[in-house]
2 protein chains.
Amino acid sequence: MTVRVDLNISLDGFATTTDQTPENPFGEDWSRLVHTYVSTRTFRERVLHDTSGTGTTGINDDYAQAYFAELGAEIMGAGMFGLHDHQDDPDWRGWWGKEPPFRVPVFVLTHTPRPTIEFDNGTTFTFIDAAPEEALATAIAAAGGRDVRVGGGPTTVKQFLRAGLVDQLHVAIVPILLGRGIRLWDDLRGLESGYTISSEAAESGVIHLTLRR
Amino acid sequence: MTVRVDLNISLDGFATTTDQTPENPFGEDWSRLVHTYVSTRTFRERVLHDTSGTGTTGINDDYAQAYFAELGAEIMGAGMFGLHDHQDDPDWRGWWGKEPPFRVPVFVLTHTPRPTIEFDNGTTFTFIDAAPEEALATAIAAAGGRDVRVGGGPTTVKQFLRAGLVDQLHVAIVPILLGRGIRLWDDLRGLESGYTISSEAAESGVIHLTLRR
């Protein structure tokens, strides 16, 4: 059982973008940040339900496959689920449509829990008001021996990193400079001690960096 | 003729460290940031004059060799030469001892020029009060058709990058999180457009990223 983080970050370290508008709820920067990832065959099949076989293969797709493999449960912050944008909508069920790609129990951290949401494909969203250690224990219990991922956003991920709860941190460093957003690396001086670091360059110029305990 | 930049940066983007003290004039962070580079056979021979043949070979050393190859002139900021720390010392001749590794004309940007310093190995330090475009024209004229490097520090490099004067930017991304220092990437949103980007992972976990026009 591994507690994992997988994020896309820009070369200047931004893991979340801040140029969203009502007309463009994800924003231009986000599209550019995740372009390589969403172009993979695995993402297109698993998230977009595009079974045409288009999408890239190779190193980026290998990591996209690993993203979903062996996953037993996921933890995410309220913002990643969309609660900050939809706090007044009791029927909000997340960004991922009728078949969210997780297919496992997902625990959403929030100070204002709402009823659990269940999908036919095995995805459940359970809303809990818990500290990182407690949330992790809950997710581990639900994961049946498989991995737990702390999915995001960066503020949530940093809480788990600073608490020493993450066994494996994989970042896809996308070679673009955004100049704005929320940085992953702030206030994490010395994090690398205690991890073994490996890096791999993909065809697209994206760098996959992995810190493993 | 290529106008080049070569820098070591931490995973969180710091290209210059700020933990220097009178007792430790380079600082602990700087030693960690440049550890891989100064361990290469090329650096040990060229900068430390260690001809024992120790030092690492492989990808990191390939980049160290490229660092010095084809160089015709160098431009650096006053801080990189040490003027900020030695402004009251008219006899200051830089950090590099009797045989500075440049072996070419070096132009030091300063608002308070001092007399040119010449070394037997072909290194000269000429102090000029000039805007980036003017300094570059001077360096190109001195380089005899070979490359001009903007050596650092990051504040100087950013001036040249923002002015669109750099043909090739190579950064060695060292997988450590410093959490303090001067960032290379601030205020460079969109820099990557106009460049082709390639990346290569070295044995040590260091990532060599190159932007070429």
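Procedures and definitions
- Residues numbered from 1 in each chain as written.
- Chains lettered and ligands numbered in written order.
- Predicted model: local features only at pLDDT ≥ 70, side-chain atom pairs only at ≥ 80, totals over all residues.
- Heavy atoms only, no water.
- Helix = DSSP H or I, 4+ residues; strand = E, 2+ residues; numbered from the N terminus.
- Rg over C-alpha atoms; globule rule 2.2 N^0.38 Å.
- Contact = heavy atoms within 4.5 Å.
- Areas by Shrake-Rupley, 256 points an atom, 1.4 Å probe, with all protein chains shown as cover.
- Polar contact = N/O pair within 3.5 Å; in protein donor to acceptor, adjacent residues only side chain to side chain.
- Least-squares fit on C-alpha atoms with pLDDT ≥ 70 in both.
- Buried area = accessible area lost by both parts, 1.4 Å probe.
- Salt bridge = Lys/Arg side-chain N within 4 Å of Asp/Glu carboxyl O.
- Phe/Tyr/Trp six-rings, centres within 6.5 Å; stacked < 30°, edge-to-face > 60°.
- Buried < 20%, exposed > 50% of the residue type's maximum accessible area, 1.4 Å probe, protein only.
- Lys NZ or Arg CZ within 6 Å of the ring centre and 35° of its normal.

Under an unreviewed UniProt entry, the name given to chain A is Dihydrofolate reductase family protein, and the organism recorded is Lacisediminihabitans changchengi.

A separate point is the overall build of chain A. Each helix and strand counted, chain A has seven helices and 11 strands in total. On C-alpha atoms alone, chain A measures out to a radius of gyration of 17 Å, which is about the 17 Å that the 2.2 N^0.38 rule sets for 213 residues. Counting only C-alpha atoms, chain A reaches 45 × 40 × 35 Å along its principal axes. Across chain A, contacts joining residues at least 24 apart in sequence account for 64% of those joining residues at least 6 apart. Surface exposure of chain A reaches about 9500 Å², of which carbon and sulfur atoms provide 50%.

The subject of this paragraph is the side chain of serine 10 of chain A. All names here are of chain A. Along the chain, the position of serine 10 falls in strand E1 (residues 3-10). In terms of polar contacts, serine 10 uses its side chain to reach the side chain of aspartate 12, at 2.5 Å. When residues no more than four places from it in sequence are discounted, the contact partners of serine 10 are Leu33, Ile173, Val174, Ile176 and Leu178.

Turning next to the relation of the copies chain A and chain B. Mapping chain A onto chain B calls for a screw motion: a turn of 180 degrees about the axis and a shift of 0.0 Å along it, with 0.0 Å RMSD after fitting. Here the two chains are linked by the operation of a two-fold rotation axis. Identified as the residue of chain A closest to the rotation axis by C-alpha distance is alanine 201 of chain A, at 3.0 Å. Both copies share a contact surface, since 100% of the interface residues of chain A are interface residues in chain B too.

The next thing to look at is the interface of chain A and chain B. Each side of the interface is counted separately: chain A has 28 residues, and chain B has 28 residues. Overall, the association of chain A and chain B removes approximately 2300 Å² of surface from exposure, summing both partners, and the carbon and sulfur fraction of that is 57%. Inspection of the chain A/chain B interface yields six salt bridges. Among the salt bridges present, the one from arginine 183 of chain B reaches aspartate 186 of chain A, with a minimum N-O distance of 2.9 Å. In this structure, the connection of chain A to chain B is made through 16 residue pairs in polar contact (both at pLDDT 80 or more).

Within the structure shown, the criterion is met by 22 aromatic pairs over all chains. When the ring of phenylalanine 81 of chain B is compared with that of phenylalanine 127 of chain B, the centres are 5.1 Å apart and the planes differ by 80 degrees; the resulting orientation is edge-to-face. In this pair, phenylalanine 81 of chain B sits in helix H5 (residues 78-81) while phenylalanine 127 of chain B sits in strand E6 (residues 124-128), placing the two residues 46 residues apart along the sequence. Of the two residues, phenylalanine 81 of chain B and phenylalanine 127 of chain B, both sit in the buried class. Of the aromatic side chains, those joined through ring pairs into one cluster are Phe81, Trp96, Phe102, Phe119, Phe125 and Phe127 of chain A. When the ring centre of phenylalanine 119 of chain A is taken as origin, the NZ or CZ atom of arginine 93 of chain A, which lies over that ring, is 4.6 Å away. Here arginine 149 of chain B stacks its cationic end above the ring of tyrosine 67 of chain B, 3.4 Å away from the centre of that ring.

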